[in-house]
Amino acid sequence: MPTRTQILIPIGIAAVIIGIVGIMSVPKDVKLEQAEFPKGLVKIDNVTLQVQIADTKPLQTRGLMFQEKLPYEQGMLFVFDDQGIRSMWMLNMQFSLDVLWIDSQGNVVHIEKDTQPCKSPLETMACTFTNGNGEEAKYVLEVTSGFVDKFGITENSKLEIISI
């Protein structure tokens, strides 16, 4: 019968390896807990939101990582140079999100509700979401989980950019 030490040592080594892999998988410029995002204002249907704007690769990689919460009147708008299939990941997230993919005309082309955070760096693939219906997007709007249902947002909804 194995001793307690014989069981705990391999578990401890595995935990250290997983932690190191997790830290190494996050790009250096997103590891700081505080990040400054440009601010903007958007309207989706009749709901006005203050948004943090992620319009550069480092800001897009960072996203909402490490933020504690996101009130219903706030969101994060990812702005890309062109339309395409966009993947969003939930690594280091503290809460669930509703994610909306939006084309260059402001039409909502895909919605994922209640996307769950990754529990560990090893399950990053399981908590990565795309506009899987094949409709290309220029923007992705992340809002607190429940926002879509609370405000009746659908794939017929329209995004209006007031200022970014």
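You'll find the structure just up there.
No experiment lies behind these values; they were computed from the predicted model shown.

Student: Could you clarify how one ought to interpret the side chain of Lys-138 in this entry?
Tutor: With respect to the helices and strands, the residue Lys-138 is situated in strand E8 (residues 137–144). One buried charge, Lys-138, has no salt-bridge partner; the nearest side chain with opposite charge is Asp-81, at 5.9 Å. At 2.7 Å, the side chain of Lys-138 and the backbone oxygen of Phe-80 are in polar contact. Setting aside chain neighbours within four positions, we find Lys-138 in contact with Phe-78, Val-79, Phe-80, Asp-81, Asp-82, Gln-83, Ile-102, Asp-103 and Ser-104.

Student: I'm lost on the sheet that holds strand E2 (residues 47–54) in this one. Help?
Tutor: With mixed pairing, the seven strands of this open sheet are ordered in space as E6-E5-E8-E3-E2-E1-E9. Strands with a single pairing partner mark the edges of an open sheet, and in this sheet they are strand E6 (108–115) and strand E9 (159–163). Taking each pair of neighbouring strands and ignoring which way they run, the sheet shows an average axis angle of 30°. In this sheet, E6 lies alongside strand E5 (residues 97–102) in antiparallel orientation, the contact comprising five bridges. When the sheet's bridge partners are listed, Val-99 is paired in E6 with Glu-112.

Student: Could you clarify how one ought to interpret the nonpolar core in this entry?
Tutor: The nonpolar side chains of soluble globular proteins are, as a tendency, buried together. The biggest cluster of nonpolar side chains holds 23 residues, and the ones touching the most others in it are Phe-78, Met-90, Leu-97, Trp-101 and Val-140. If you list the elements that add at least two residues to this core, you get strand E3 (74–84), E5 and E8. In contact with Leu-97, other than residues within four places in its own chain, are Leu-64, Leu-70, Met-90, Glu-112, Lys-113, Asp-114, Thr-115, Glu-142, Val-143, Thr-144 and Ser-145. In terms of nonpolar packing, the next biggest core, distinct from the first, is built from 19 residues, Ile-53, Leu-77, Phe-147 and Leu-159 among them.

Student: Any chance you could explain the packing of aromatic side chains here in plain terms?
Tutor: Throughout the structure, instances matching the rule amount to two aromatic pairs. For the pair Tyr-72 and Phe-151, a centre-to-centre distance of 6.2 Å together with 80° between the ring planes defines the contact as edge-to-face. Within this pair, whereas Tyr-72 is found in the loop between helix H2 (57–62) and E3, its partner Phe-151 is found in helix H3 (residues 147–151), the two being separated by 79 residues in sequence. On the accessibility criterion, Tyr-72 (32% relative accessible area) is partly exposed. Phe-151 sits in the partly exposed class, given a relative accessible area of 32%. Their ring planes at 50° and their centres at 4.8 Å tell us that Phe-147 and Phe-151 sit as a pair that is tilted. With Phe-147 and Phe-151 both in helix H3 and four residues apart, the pair spans about one turn of that helix. Look at Phe-147 and you get buried, because its relative accessible area is 0%.

The rules behind each value
In this convention, every chain numbers its residues from 1, walking through the sequence in written order. Totals for whole chains, interfaces and linings use all residues, but because this is a predicted model, local features are given only for residues with pLDDT of at least 70 and pairs of side-chain atoms are given and counted only at 80 or more. Remark: hydrogens and water are excluded; side-chain values derive from all non-hydrogen atoms of the structure. Helix and strand definitions follow DSSP, with helices as H or I runs of at least four residues and strands as E runs of at least two, each counted in order from the N terminus. Here the term buried applies to any residue with accessible area under 20% of the maximum for its type, exposed to any over 50%, and partly exposed to those in between, with areas from a 1.4 Å probe on protein chains only. Charge counting follows a simple rule: Lys and Arg are positive, Asp and Glu are negative, and His as well as the terminal groups are ignored. Salt-bridge detection follows one rule: a side-chain nitrogen of Lys or Arg within 4 Å of a carboxyl oxygen of Asp or Glu. Polar contacts here mean pairs of N or O atoms no more than 3.5 Å apart (in protein, one a potential hydrogen donor and the other a potential acceptor; neighbouring residues in sequence count only if both atoms are side-chain atoms). The contact criterion used throughout is that any non-hydrogen atoms of two residues lie within 4.5 Å. Should DSSP find at least two bridges between two strands, the strands are regarded as paired. Between N-to-C directions, angles cover 0 to 180 degrees, with each direction set by a line fitted to C-alpha atoms, over the stretch in contact for helices. By nonpolar core is meant a set of buried Ala, Val, Leu, Ile, Met, Phe, Trp, Tyr and Cys residues that side-chain atoms within 4.5 Å join together. A pair of Phe, Tyr and Trp rings is counted when the ring centres sit within 6.5 Å of each other, with Trp represented by its six-membered ring. The angle between the planes then sorts it: under 30 degrees is stacked, over 60 is edge-to-face, the rest tilted.

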